[in-house]
Amino acid sequence: MKITSHTKVVGILGYPINHTLSPQMHNAAFAHLGLDYVYSSFEVKPENLRGAVRGLRALNIAGVNVTVPHKERALEYLDELSENAKKLGAVNTIKLEGEKLCGYNTDSEGFITSLEKEGNTDPEGKKILLLGAGGAAKAVAVSLANQGARKISIANRTKERANALVTMLKHIAPQVEANCLPLGGDELNKCATEAQLIINATSVGLKSDAMPPIDANALHAGQLVYDLIYSPAKTRLLAEAEAKGAKILNGLGMLVYQGALTFEIWTGKKAPVRVMREAIMI
Ligand code: NDP
């Protein structure tokens, strides 16, 4: 890769940021298509977010991804938002368009593409249990509702966040039956048994062997268990689900497809999805 004064700079803002696979994924795609871009990572503490986002324009940085914990707060510093970013109240992609900083959210479409292409699962008419109510859970819930899910039950440690997500779903997709449950306990396990699709969007199991508070005996053949975590590649939840005969999928595909959409927003070129995936195989 030859970097010159013409090279367009893109990157990712997050804190901490040392876990990210996005630089290797995007740089492989740029190299494959011979595009004069370079992707770097920027560790941005919460107190510096405003300066970092405003600085994109000053430094003529072509675009950035935004990750934990900045996805919601970054919105405040942008000039324009896509419909999806507005709906979700969160951005994972910023592009400098002329003098304007424009925000997008590709997480929800990335998730649905992965679910359909890799999980061979169409959410339409399905009963779904979603663990978590953070930024990623929100993107997942909205995309499932948009795709015609029949029922979405949300279980989260902090009940107020689950309630807020249910309220939002009822507002944007009143046809979907949405309810919330406490984590752990019989009600959750009954719901897990009945669900055709179970999604872990909590960070429980990230870089650890922890199991989300759901009884493994509720998992069974005929279900798809999707864990948004991709490191480790097989979380304890996925291992337990596989042992019970359920189909399993980790979050690597979501990472690749959200990245591919971001790549297309920045460059206007079709993303080399296979190359991006191979660059981050773990
Ligand atoms: P947030 O910080 O917004 O949300 C974290 C969620 O995890 C909340 O629901 C939180 O509950 C829950 N949680 C955290 N710790 C615990 C615990 N000890 N017990 C029970 N619940 C807990 O993060 P994100 O939504 O952005 O990310 C969530 C997960 O999804 C992460 O593992 C992240 O790596 C993954 N992810 C994967 C992506 C991909 O492309 N594959 C994209 C984005 C995220 P509470 O509300 O109570 O705090």
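That block above? That's the structure.
Residues numbered from 1 in each chain as written. Predicted model: local features only at pLDDT ≥ 70, side-chain atom pairs only at ≥ 80, totals over all residues. Heavy atoms only, no water.

**Considering the sheet that holds strand 8 (residues 151-156)**
Note: strands within a sheet are paired through backbone hydrogen bonds, in either parallel or antiparallel orientation. Ordered by their spatial adjacency, six strands build an open sheet running 9-8-7-10-11-12, and the pairing between neighbours is parallel. Edge positions in the sheet fall to strand 9 (177-182) and strand 12 (247-249), since each of these pairs with one other strand and no more. Neighbour-to-neighbour, the strand axes of this sheet turn through a mean angle of 15 degrees, independent of strand direction. Relative to the sheet, helix 4 (residues 107-117) contacts strand 10 (197-200), strand 11 (224-227) and strand 12, its axis offset from that of strand 11 by approximately 145 degrees. (Pairing = 2+ DSSP bridges. Helix = DSSP H or I, 4+ residues; strand = E, 2+ residues; numbered from the N terminus. Axes fitted to C-alpha atoms, helices over the stretch in contact; angles between N-to-C directions. Contact = heavy atoms within 4.5 Å.)

**Topic: the site of the ligand**
Neighbouring the ligand are 23 residues, the closest being Ala-136, Asn-156, Arg-157, Thr-158 and Arg-161. Here an oxygen atom of the ligand sits 2.8 Å away from a polar atom, N or O, in the side chain of Arg-161. For the ligand, whose accessible area on its own is 920 Å², the fraction buried by protein is 78%. Taken atom by atom, the bulk of the ligand overlaps the largest pocket. Of all the elements in the fold, those that place two or more residues in the shell around the ligand are helix 5 (135-146) and helix 9 (252-267). Looking at the shell around the ligand residue by residue, the class counts come to twelve nonpolar, eight polar and three charged. Two domains each provide a minimum of three residues to the shell around the ligand, namely domain 1 (8-105 + 254-279) and domain 2 (108-250). (Near = heavy atom within 4 Å. Polar contact = N/O pair within 3.5 Å; in protein donor to acceptor, adjacent residues only side chain to side chain. Areas by Shrake-Rupley, 256 points an atom, 1.4 Å probe, with all protein chains shown as cover. 1 Å grid on protein atoms, 1.4 Å probe; cavity = no way out; pocket = protein on both sides within 12 Å on 5 of 7 lines; lining within 4 Å. Sits in = over half its atoms within 2 Å of the grid points. Nonpolar A, V, L, I, M, F, W, Y, C, P; charged D, E, K, R; others polar. Domains from an automatic or database assignment.)

**With respect to the packing of aromatic side chains**
Each aromatic ring pair is described using two quantities: the centre-to-centre distance and the angle formed by the ring planes. Scanning the entire structure with this criterion turns up four aromatic pairs. With centroids separated by 4.8 Å and ring planes inclined at 15 degrees, the aromatic side chains of Phe-30 and Tyr-37 adopt a geometry described as stacked. On the basis of relative accessibility, which here comes to 1%, the residue Phe-30 falls in the buried class. Ring geometry for Phe-30 and Phe-263: centres 5.2 Å apart, planes at 25 degrees, overall stacked. With Phe-30 in helix 1 (residues 22-33) and Phe-263 in helix 9, this residue pair connects regions lying 233 residues apart in the sequence. Residue classification places Phe-263 among the buried positions, given a relative accessible area of 0%. Of the aromatic side chains, those joined through ring pairs into one cluster are Phe-30, Tyr-37 and Phe-263. (Phe/Tyr/Trp six-rings, centres within 6.5 Å; stacked < 30°, edge-to-face > 60°. Buried < 20%, exposed > 50% of the residue type's maximum accessible area, 1.4 Å probe, protein only.)

**Considerations on the environment of Lys-138**
Residue position: Lys-138 is located in helix 5. Separated by 30 residues in sequence, Lys-138 and Ser-108 place their C-alpha atoms 8.5 Å apart. Discounting residues that sit within four places of it in the chain, Lys-138 has contacts with Glu-72, Leu-88, Leu-165 and Met-168.

**A short note on the packing of helix 4 against helix 5**
For the pair helix 4 and helix 5, the least separation of the axes is 8 Å and the interaxial angle reads 60 degrees. The orientation of helix 4 with respect to helix 5, classified from their angle, is oblique. Crossing handedness for the pair helix 4 and helix 5: right-handed. Across from Asp-107, Ser-108, Phe-111, Ile-112 and Leu-115 in helix 4, the residues of helix 5 making contact are Ala-139, Val-140, Ser-143 and Leu-144. Residues that form the contact of helix 4 with helix 5 fall into these classes: six nonpolar, two polar and one charged. (Parallel < 35°, antiparallel > 145°, perpendicular 65-115°, else oblique. Left-handed = near helix turned anticlockwise from the far one by under 90°.)

**Topic: helix 4**
Within helix 4, burial applies to Asp-107, Ser-108, Gly-110, Phe-111, Ile-112, Ser-114 and Leu-115. Close packing links the buried residues of helix 4 with helix 3 (83-88), helix 5, strand 10, strand 11, strand 12 and helix 9.

**Comments concerning the side chain of Thr-93**
Following the sequence through the fold, Thr-93 ends up in strand 5 (residues 93-97). There is a polar contact of 2.8 Å between the side chain of Thr-93 and the side chain of Thr-262.

**Considering the pattern of salt bridges**
By the definition in use, this model includes eleven salt bridges. Where Glu-240 meets Arg-236, a salt bridge forms, and the shortest distance between an N and an O atom there is 3.5 Å. Note that Glu-240 and Arg-236 are positioned in helix 8 (residues 236-243) at a spacing of four residues, about one turn of the helix. Residue classification places Glu-240 among the partly exposed positions, given a relative accessible area of 23%. Using a relative accessible area of 34% as the deciding quantity, one classes Arg-236 as partly exposed. Close ionic contact of Glu-278 with Arg-274 constitutes a salt bridge, the shortest N to O distance being 3.3 Å. Here Arg-274 and Glu-278 lie together in helix 10 (residues 273-279), a separation of four residues that amounts to about one turn. (Salt bridge = Lys/Arg side-chain N within 4 Å of Asp/Glu carboxyl O.)

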